[in-house]
Amino acid sequence: MIKLGAHQSISGGYSEALKRINNIGGNCLQIFSSSPRGWNFAKPTDDEIKQFLTLNSSLLISPIYFHASYLVNLADDSRIGHMSKLSLISELNIASKLKVKGSIIHLGSYKNEVSSIKYPVLIKNIKEILDKIPKDTFFIIENAGNRKIGQTLEEISQIVKDVDNPRVKICFDTCHLFSNGYRFNDSGELDAFFAKLSKLKINDLIEVWHVNDSRDEFDSGHDRHDNIGEGKIGINEFKTLLNHPKTKKYPFIIETPGFDGNGPDKKNLDILKSLISS
Ligand SMILES: [Zn+2]
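Residues numbered from 1 in each chain as written. Predicted model: local features only at pLDDT ≥ 70, side-chain atom pairs only at ≥ 80, totals over all residues. Heavy atoms only, no water.

I'd like a rundown of the overall build of the protein, residues and numbers included.
Within the protein, the secondary structure is distributed over nine helices and 10 strands. Taking 19 Å as the expected radius of gyration for a compact globule of 278 residues, we find that the protein reaches 18 Å, a close match to that expectation. Projected onto the principal axes, the alpha-carbon positions of the protein cover approximately 45 × 45 × 30 Å. Residues classed as buried in the protein amount to 55% of the 278 residues present. Considering only residue pairs separated by 6 or more positions, the protein has 75% of its internal contacts joining residues 24 or more positions apart. Working note: accessible area of the protein is about 12300 Å², and carbon and sulfur atoms make up 51% of it. Distance from the positive charge centre (36 side chains) to the negative charge centre (34 side chains) of the protein: 4 Å. (Helix = DSSP H or I, 4+ residues; strand = E, 2+ residues; numbered from the N terminus. Rg over C-alpha atoms; globule rule 2.2 N^0.38 Å. Buried < 20%, exposed > 50% of the residue type's maximum accessible area, 1.4 Å probe, protein only. Contact = heavy atoms within 4.5 Å. Areas by Shrake-Rupley, 256 points an atom, 1.4 Å probe, with all protein chains shown as cover. Lys, Arg positive; Asp, Glu negative; His and termini not counted. Charge placed at Lys NZ, Arg CZ, Asp CG, Glu CD.)

If you had to explain the coordination of the zinc ion to someone new, which residues and values would you point to?
Protein coordination at the zinc ion comes from Glu 142 (OE), Asp 173 (OD), His 210 (ND1) and Glu 255 (OE), with a distance range of 2.1 to 2.2 Å. Coordination geometry of the zinc ion: the four donor atoms subtend angles of 88 to 176° at the metal centre, consistent with an arrangement described as irregular. Read in sequence order, the donor residues for the zinc ion give the motif E-x30-D-x36-H-x44-E. Pair noted here: Asp 173 is in strand E6 (residues 168-173) and Glu 255 is in the loop between strand E10 (251-254) and helix H9 (266-275), with a separation of 82 residues, a long-range link. Judged by its relative accessible area of 0%, Asp 173 is buried. Look at Glu 255 and you get buried, because its relative accessible area is 16%. (Donors = N, O, S within 2.8 Å, 3.2 Å for Na, K, Ca; no water. Tetrahedral: all angles 85-135°; square planar, octahedral: opposite > 155°, others 65-115°.)

Lay out the side chain of Ser 214 in plain terms, naming residues and giving numbers.
You can see Ser 214 is positioned in strand E8 (residues 213-214). Judged by relative accessible area, Ser 214 falls into the buried class, the value being 0%. Side-chain polar atoms of Ser 214 contact the backbone oxygen of Asp 216, separated by 2.8 Å. When near neighbours in sequence (up to four residues on either side) are disregarded, Ser 214 contacts Cys 175, Phe 178, Arg 224, Asp 226, Gly 231, Lys 232 and Ile 233. (Polar contact = N/O pair within 3.5 Å; in protein donor to acceptor, adjacent residues only side chain to side chain.)

Tell me about the sheet that holds E6, and please be specific about residues and values.
Spatially, the eight strands close up into a barrel ordered E1-E2-E3-E4-E5-E6-E7-E10, and their pairing is parallel. Direction aside, the axes of adjacent strands within the sheet are offset by 30° on average. The pairing of strand E3 (residues 64-67) with strand E4 (residues 102-105) spans two bridges and is parallel. When the sheet's bridge partners are listed, His 67 is paired in E4 with Ile 104. Docked against the sheet, helix H5 (residues 153-163) engages strand E5 (138-142) and E6, running at close to 165° with respect to E6. (Pairing = 2+ DSSP bridges. Axes fitted to C-alpha atoms, helices over the stretch in contact; angles between N-to-C directions.)

Talk me through the layout of surface pockets; I want residue IDs and the actual numbers.
In this structure, the largest pocket occupies an estimated 660 Å³ of space. The wall of the largest pocket is formed by 30 residues, among which Arg 37, His 67, Tyr 70, His 106 and Asp 223 lie closest to the centre. Broken down by class, the residue content of the lining of the largest pocket amounts to 10 nonpolar, 14 polar and six charged. Of the volumes computed, that of the second largest pocket is approximately 220 Å³. (1 Å grid on protein atoms, 1.4 Å probe; cavity = no way out; pocket = protein on both sides within 12 Å on 5 of 7 lines; lining within 4 Å. Points joined across faces, edges and corners; volume = space filled by probe spheres on them. Nonpolar A, V, L, I, M, F, W, Y, C, P; charged D, E, K, R; others polar.)

Any chance you could break down helix H4 (residues 115-132) for me, citing the residues and the numbers?
Counted at 1.5 Å a residue, the expected span for H4 with its 18 residues is 26 Å, and the 26 Å between its end C-alpha atoms agrees. When we look at burial in H4, the residues that qualify are Lys 118, Tyr 119, Val 121, Leu 122, Ile 123, Asn 125, Ile 126, Ile 129 and Leu 130. Turning to H4, the residues buried within the fold contact helix H3 (79-98), E5, H5 and E6. (Expected span 1.5 Å × (residues − 1).)

Could you give an account of the pattern of salt bridges, with specific residues and numbers?
Where charged atoms from two side chains of opposite charge approach closely, those side chains can pair. For the coordinates displayed, the defined rule picks out nine salt bridges. One salt bridge connects Lys 196 with Glu 154, and the closest N-O pair in it is separated by 3.5 Å. Remark: Glu 154 occurs in helix H5 and Lys 196 occurs in helix H7 (residues 187-199); sequence separation between them is 42 residues. Residue classification places Lys 196 among the partly exposed positions, given a relative accessible area of 35%. Taking relative accessible area as the criterion, Glu 154 reaches 38% and is therefore assigned partly exposed. (Salt bridge = Lys/Arg side-chain N within 4 Å of Asp/Glu carboxyl O.)

An account of helix H8 (residues 235-243) is requested, with residue identities and associated values reported.
Among all positions of H8, only Glu 237, Phe 238, Thr 240, Leu 241 and Leu 242 are buried. Its buried side turned inward, H8 meets helix H6 (174-179), H7, strand E7 (206-210), E8, E10 and H9.

Outline the pairing of E4, supporting the account with residue identities and numerical values.
Handedness of the E3-H3-E4 crossover: right-handed. Looking at chain direction, E4 and E5 are connected through four bridges and run parallel. Bridging from a neighbouring strand, Ile 104 pairs with Ile 140 of E5. Read as a crossover between parallel neighbours, the route from E4 over H4 to E5 is right-handed. (Right-handed = clockwise from strand over helix to strand, strands pointing away.)

As structure tokens, then:
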């Protein structure tokens, strides 16, 4: 069965997110470990962890991912970079306890600094995190949409190569790909995309997809998400992605604004399900 899920709120506790995804018909999940606009130093109690694991032993939501804090910037060698490391190390320790597979991370930006100077900082920081997190968790790089680190496939490939650790994986977001000039309206175009990944030696590193439509035009450099079918990407891309023989093994997670504006919803999932030919 295809793995199709959504980002859901943890309001009321982690277990509530399991109930929410189950209620809207998803079977995989993304959550924040705490508020994404602060540093993630959640401290779930043993009871909360147990409750979550017990509930999921019947709901069987899998895989589950964390999405890291929006404050994270790993190309920084002062306070922000330090807090980014501490926050991710703390989050991935919780991930291991909750059987969350890993954190999906926006690496940050070079701001106005020279990228050649800050790039080694980025690589060093990622390596340090990987050294300090449980071995059963993944560090998942999300492709960026908005002129931040990880916009192009070449850049992601270089980072992965330089970090050189099997626990580094990739999350591709369809909206961010679209805003950077990557699209696939038919299986030929998706084949070409996979061929490119293969050439860059990152085709085996895809862990999960974020499936979002885009409010902004193709190659715009902006990354505002839209509901499936309401944005500029076009329904064919989603149909192609969900039905290609090479994507069967991947989880797909929506981060759409929702048709009622309350976040990723059943209607977006139902539209995607309707595109899947059995
Ligand atoms: Zn995303």
